[in-house]
Amino acid sequence: MAHCVIDEAEAILDREFPVLDKGFVRLVDYLGGDERVVQAARVSYGAGTKTYREDAALIDYLLRNSHTSPFEQVILTFHVKLPIFVARQWIRHRTARINEISARYSVMKDEFYVPEAEDVALQSTDNKQGRSDETPDPARIETIRAALAEGQKAAYTAYSSLVDEGIARELARINLPLSLYTEWYWQIDLRNLFHFLELRLDIHAQKEIRLYAGVILETAKKVAPRSCESFERHILKAVRFSGEELAELRKRLGITGSASDIAADDTVPKELSGRALERFEEKLRSGRQL
Ligand SMILES: Cc1cc2nc3c(=O)[nH]c(=O)nc-3n(C[C@H](O)[C@H](O)[C@H](O)COP(=O)(O)OP(=O)(O)OC[C@H]3O[C@@H](n4cnc5c(N)ncnc54)[C@H](O)[C@@H]3O)c2cc1C
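Residues numbered from 1 in each chain as written. Predicted model: local features only at pLDDT ≥ 70, side-chain atom pairs only at ≥ 80, totals over all residues. Heavy atoms only, no water.

J.: What exactly am I supposed to notice about the pattern of salt bridges here?
T.: A side chain with one charge can pair with a side chain of the opposite charge if their charged atoms come near. Taken as a whole, this structure holds 22 salt bridges when the rule is applied. Where Asp 14 meets Arg 26, a salt bridge forms, and the shortest distance between an N and an O atom there is 2.3 Å. Taken as a pair, Asp 14 in the loop between helix H1 (7-12) and strand E1 (16-19) and Arg 26 in strand E2 (residues 23-31) lie far apart in primary sequence, twelve residues in all. Here Glu 245 ties to Lys 283 by a salt bridge, and the two come within 2.8 Å at their closest N and O atoms. Of the two residues, Glu 245 is situated in helix H10 (residues 243-253) and Lys 283 in helix H11 (residues 274-286); the sequence distance between them amounts to 38 residues. The residues Glu 245 and Lys 283 share a single accessibility class, namely buried. (Salt bridge = Lys/Arg side-chain N within 4 Å of Asp/Glu carboxyl O. Helix = DSSP H or I, 4+ residues; strand = E, 2+ residues; numbered from the N terminus. Buried < 20%, exposed > 50% of the residue type's maximum accessible area, 1.4 Å probe, protein only.)

Written as structure tokens, this is what we have:
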């Protein structure tokens, strides 16, 4: 079997999908798809092509059992335009290959991210790393947005005059803020893309990177829909239970087990209480990993 050509993916190649006020995600290229995952997996088992249903079941089996290497045979290359503060979170995913615009070589464009009014929120009190649902006074929101834009304008004016004066671009840029847009090519295989998506679609990730991750997932679905469906089912929408949480769940379901099970394990506390119990119940209610 030669190249995988996937009509749905071909249809979106080179299309810019907008994210935030000035950013985008564009699928530049892809290699392989669901079919390649199946072919790679069947090499291990020495079996030929099967029916569509059998292939979908195989993909599901691989995902469910962390047989991840066949997913590494599928590669996606994206062109992404994103604010630097999002790029700093994104770049922590070390398994991608990246080429970013050089602010030493190029003059950066006057493009900065200003959050929409609905995204201006107060600091969360229970999550030190996030924003709350509470918003400032509506009049104050507009002042805040205007102040952000003003600061960006001042920084860009200072940058431009240094560049115009002939100061090295690598120095002129050092006072530009994190809201400046950058661009990169980002290439990653499907296995590592799923890991990125698991972390960056999670409610604990910052909203701005979550929006990018959402568009990336929709794009990946065009290339490998069956694999993405299995990922959503077994990873994205799944939650992990600790040993004591599992013991609590079994107790509530009236499940008793053999001597080898958790109930007989002295290292697992038998009762969940306080914050741990609240967290467990919230996990059950929301279906989210907490
Ligand atoms: C909500 C959230 C908040 C965060 N807050 C912070 C923060 O406050 N400060 C901060 O510094 N970071 C923070 N991070 C970044 C986080 O700690 C990880 O660096 C980032 O999510 C990348 O995860 P990763 O290493 O699993 O991914 P990748 O770099 O993509 O690696 C994928 C996998 O490859 C393996 N791997 C890669 N490199 C190595 C290695 N050197 N050794 C062993 N195994 C390796 C691991 O199994 C890893 O899971 C945050 C991330 C999230 C999602």
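The structure having been displayed, the exposition proceeds.
J.: What is the right way to look at the side chain of Asp 119 in this model?
T.: As for its position among the elements, Asp 119 is in the loop between strand E4 (97-100) and helix H5 (138-164). A relative accessible area of 13% places Asp 119 in the buried class. With residues near it in sequence (within four places) discarded, Asp 119 still touches Tyr 113, Arg 131 and Lys 207. (Contact = heavy atoms within 4.5 Å.)

J.: So what exactly am I meant to see when it comes to the nonpolar core here?
T.: Soluble, globular proteins show a tendency: their nonpolar side chains are buried together. Within the largest apolar cluster, 48 residues are counted, with the highest numbers of intra-cluster contacts made by Leu 76, Trp 90, Trp 186, Leu 193, Leu 197 and Tyr 212. The biggest single contributor to this core is helix H8 (residues 207-223), with eight residues. Each residue touching Leu 197, except ones within four places of it in the same chain, is listed here: Asp 202, Ala 213, Ile 216, Leu 217, Phe 231 and Leu 236. If you look at the next biggest cluster of nonpolar residues, it comprises nine residues, including Tyr 159, Val 163, Ala 172 and Leu 176. (Core = buried A, V, L, I, M, F, W, Y, C linked by side-chain atoms within 4.5 Å.)

J.: Help me out: how do you make sense of H10 in this one?
T.: Structural remark: α-helix, 3.6 residues per turn; residues separated by three or four positions point the same way. The set of residues buried in H10 consists of Glu 245, Ala 247, Glu 248 and Leu 249. One or two positions beyond H10, positive phi appears at Gly 254, with a value near 70°.

All quantities given are derived from atomic positions and should not be read as evidence of function.
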